[in-house]
Amino acid sequence: MTAPERAQTQTTGRSPQTATLAEIAREAGVSAPTVSKVLNGRADVAPATRTRVEELLRTHGYRRRRAEATRSPLLDLVFHEMESAWALEVIRGVENVARDAGLSVVLSESAGRLTPGRTWADQVAARRPHGVILVLSELDESQRALLTSRSIPFVVMDPAGDPGTDVPSIGATNWQGGLAATRHLVELGHTRIGAITGPSRMMCSRARVDGYRAALETAGLPVDPDLIRPGDFHHESGYRLGLQLLRREDRPTAVFAGNDLQALGLYEAARELGLRIPEDVSVVGFDDLPVARWVGPPLTTVRQPLTEMAEAAARLVLELGRGDDATSAATRVELATSLVVRSSTGAPPF
């Protein structure tokens, strides 16, 4: 480095103070080039030294000035898993914005973990992308500090948990969607309505089942815990839990599946048991993936605007990277869901 980078430290009740990389290096007992290597995600730094320097960067609230932060023409897109058509809709949205901005998209998957591993964070620091979009994922405190110190903005799309007031996020009206799906079934005359939910650790899943409960309670119908089965948003859980619900002597006449993939698993369970959709059991999904229009019968579902959500997340992270005043504060946006009625729902058989 030809000139020392400056870092700003916010301390409660006092004016911002500055610390040079040389001062941070002296405090860590290393050279300024070593601190620079840590900042740039270089691998040739001892783990203990890296940890000590990262801790001091966090303590000093270090944030590289955007003018000094050389960025690669990349956007990082991180999934906790991306094995379904759901992920393709998100990728399409981010690609739309990245292409217009002259950027390429780097895909990462955290193998089902909601928080990417430390190696991922170091790789992002080394790539220096224009921004990071995390889908159904979250960052731990050290990862957030690492990206912040490098002036790499990040946005969470469809947060797994509460991202906090200081984390920009893009979501959908999941509670309203669950309410609309269940209310549609109630209006058709169903009184025993089952639900196959997503993972309880995910905020979107909890919101959808809360909307389901609210619709039943508003209609004066009991919420039967035995008719609510926790799934994992995969086709296999829709099939397995669908068999459990539909084999009951007092089986539900309708089922709200927490997403389209589980609804398709429920279709398979109904076929195996010789039940017709919607004559014997009505089914509602959530997401409105393209396949929802192609299956027989076409699936009634709640449209979650996945591509639009991904586009909004990409635009937001680029605006944050430019330091636009309108987006300098943390932003939390929810896009509207809507019920799409097709042929998988009808009046109850009795």
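Residues numbered from 1 in each chain as written. Predicted model: local features only at pLDDT ≥ 70, side-chain atom pairs only at ≥ 80, totals over all residues. Heavy atoms only, no water.

Asks: With reference to specific residues and values, describe the overall build of the protein chain.
Replies: Counting secondary structure elements, the protein chain contains 12 helices and 14 strands. A buried classification covers 55% of the 350 residues belonging to the protein chain. Accessible surface computed for the protein chain: about 15300 Å², of which carbon and sulfur atoms make up 50%. (Helix = DSSP H or I, 4+ residues; strand = E, 2+ residues; numbered from the N terminus. Buried < 20%, exposed > 50% of the residue type's maximum accessible area, 1.4 Å probe, protein only. Areas by Shrake-Rupley, 256 points an atom, 1.4 Å probe, with all protein chains shown as cover.)

Asks: Before we move on, could you go through the confidence of the model for the protein chain and cite the residues and values that matter?
Replies: Per-residue confidence for the protein chain gives a mean pLDDT of 85; residues scoring 70 or more make up 85%. Confidence drops under pLDDT 50 across residues 1–17; counting only partners more than four residues distant or on other chains, this segment forms 31 contacts. (pLDDT = per-residue confidence, 0-100. Contact = heavy atoms within 4.5 Å.)

Asks: With reference to specific residues and values, describe the packing of aromatic side chains.
Replies: All chains considered together, the criterion is met by 0 aromatic pairs. Its guanidinium or amino end placed over the ring of F286, R208 lies 3.8 Å from that ring's centre, counting from NZ or CZ. (Phe/Tyr/Trp six-rings, centres within 6.5 Å; stacked < 30°, edge-to-face > 60°. Lys NZ or Arg CZ within 6 Å of the ring centre and 35° of its normal.)

Asks: Tell me about the pattern of salt bridges, and name the residues and values.
Replies: Summed over all chains, the structure comprises 9 salt bridges. Note that D76 and R127 form a salt bridge whose closest N and O atoms lie 2.5 Å from each other. Here the residue D76 occupies a position in strand β3 (residues 74–79), and R127 occupies one in helix α5 (residues 118–127), the gap between them amounting to 51 residues. R127 sits in the partly exposed class, given a relative accessible area of 21%. A salt bridge links R144 to D166; the shortest N-O distance between them is 2.6 Å. Of this pair, R144 sits in helix α6 (residues 141–149) while D166 sits in the loop between β6 (154–157) and β7 (169–172); the two residues are 22 residues apart in sequence, bridging distant segments of the chain. One salt-bridge network, held together by shared partners, links R192, D224, R248 and D250. (Salt bridge = Lys/Arg side-chain N within 4 Å of Asp/Glu carboxyl O.)

Asks: Please provide a residue-by-residue account of the environment of R192, values included.
Replies: For R192, the location among the structural elements is in the loop between α7 (174–187) and β8 (193–197). We classify R192 as partly exposed; its relative accessible area is 25%. Not counting residues within four places of it along the chain, the set of residues in contact with R192 comprises D224, L227, R248, D250, R251, P252, T253 and A254. Polar contacts involving the side chain of R192 include one to the main-chain carbonyl oxygen of D250, which spans 2.7 Å. (Polar contact = N/O pair within 3.5 Å; in protein donor to acceptor, adjacent residues only side chain to side chain.)

Asks: Residue-level account of the packing of α7 against helix α8 (residues 203–218), with values.
Replies: At a minimum axis distance of 7 Å, the contact between α7 and α8 shows a crossing angle of 35°. The element α7 and its partner α8 pack so that their crossing is right-handed. Contact with α7, carried on its side by N174, W175, G178, L179, T182, R183 and V186, involves C204, A207, R208, D210, G211, Y212, A214, A215 and L216 of α8 and no other residues of that element. (Axes fitted to C-alpha atoms, helices over the stretch in contact; angles between N-to-C directions. Left-handed = near helix turned anticlockwise from the far one by under 90°.)

Asks: Lay out the sheet that holds β6 with the relevant residues and their values.
Replies: One open sheet holds the 6 strands; their spatial order is β4-β3-β5-β6-β7-β13, and the pairing between them is parallel. The sheet is open, and its two edges are formed by β4 (104–109) and β13 (332–335), each paired on a single side. Mean inter-strand twist for the sheet, computed between neighbouring axes without regard to direction, equals 20°. Taken together, the 5 bridges between β3 and strand β5 (residues 131–135) define a ladder with parallel strand orientation. Note on β5: the bridge partner recorded for D76 is V132. Helix α4 (residues 85–100) rests against β3, β4, β5 and β6 of the sheet, and its axis sits at about 165° to β3. (Pairing = 2+ DSSP bridges.)

Asks: Lay out the sheet that holds strand β10 (residues 254–257) in plain terms, naming residues and giving numbers.
Replies: Strand order in the open sheet made by the 6 strands is β9-β8-β10-β11-β12-β14, with mixed pairing throughout. Looking at the sheet topology across the chains shown, the edges are occupied by β9 (228–230) and β14 (338–340). Recorded for the sheet is a direction-independent mean angle of 20° between the axes of neighbouring strands. With 3 bridges joining them, strand β12 (residues 300–303) and β14 adopt antiparallel strand pairing. Bridging across to β14, R303 finds its partner in S338. Where helix α9 (residues 235–246) meets the sheet, it contacts β8, β9 and β10, and its direction lies at approximately 155° from that of β8.

Asks: I'd love a proper account of the pairing of β8, names of residues and values included.
Replies: Among the 5 residues in β8, 5 count as buried, and that is most of the element. The two faces of β8 match: I193, A195 and T197 on one face and G194 and I196 on the other face are all buried. Examined bridge by bridge, β8 and β10 share 4 bridges and lie parallel to one another. Note on β10: the bridge partner recorded for I196 is A257. Where β8 lies against β9, 3 bridges are found, and the strand directions are parallel. If you follow T197 over to β9, its bridge partner there is P230. Note on the crossover from β8 through α8 to β9: the handedness is right-handed. (Right-handed = clockwise from strand over helix to strand, strands pointing away.)

Asks: So what's going on with α9? Which residues, and what values?
Replies: For α9, built from 12 residues, the straight-helix expectation of 16 Å at 1.5 Å per residue is met to within 8% by its first-to-last C-alpha distance of 16 Å. Residues S237, G238, L241, G242, L243, L245 and L246 constitute the buried set of α9. Looking at the buried side of α9, the elements it contacts are β8, β9, β10 and α10 (260–272). (Expected span 1.5 Å × (residues − 1).)

Asks: Could you give me a rundown of a negative patch on the surface, with the residues and numbers involved?
Replies: Negative charge collects at one region of the surface, where E83, E109, D232 and E236 lie side by side. You can see D232 is positioned in the loop between β9 and α9. Residue classification places D232 among the partly exposed residues on the basis of a relative accessible area of 34%. (Patch = residues over 30% accessible without salt bridge, like charges linked within 9 Å, V, L, I, M, F, W, Y side chains within 5 Å. Lys, Arg positive; Asp, Glu negative; His and termini not counted. Charge placed at Lys NZ, Arg CZ, Asp CG, Glu CD.)

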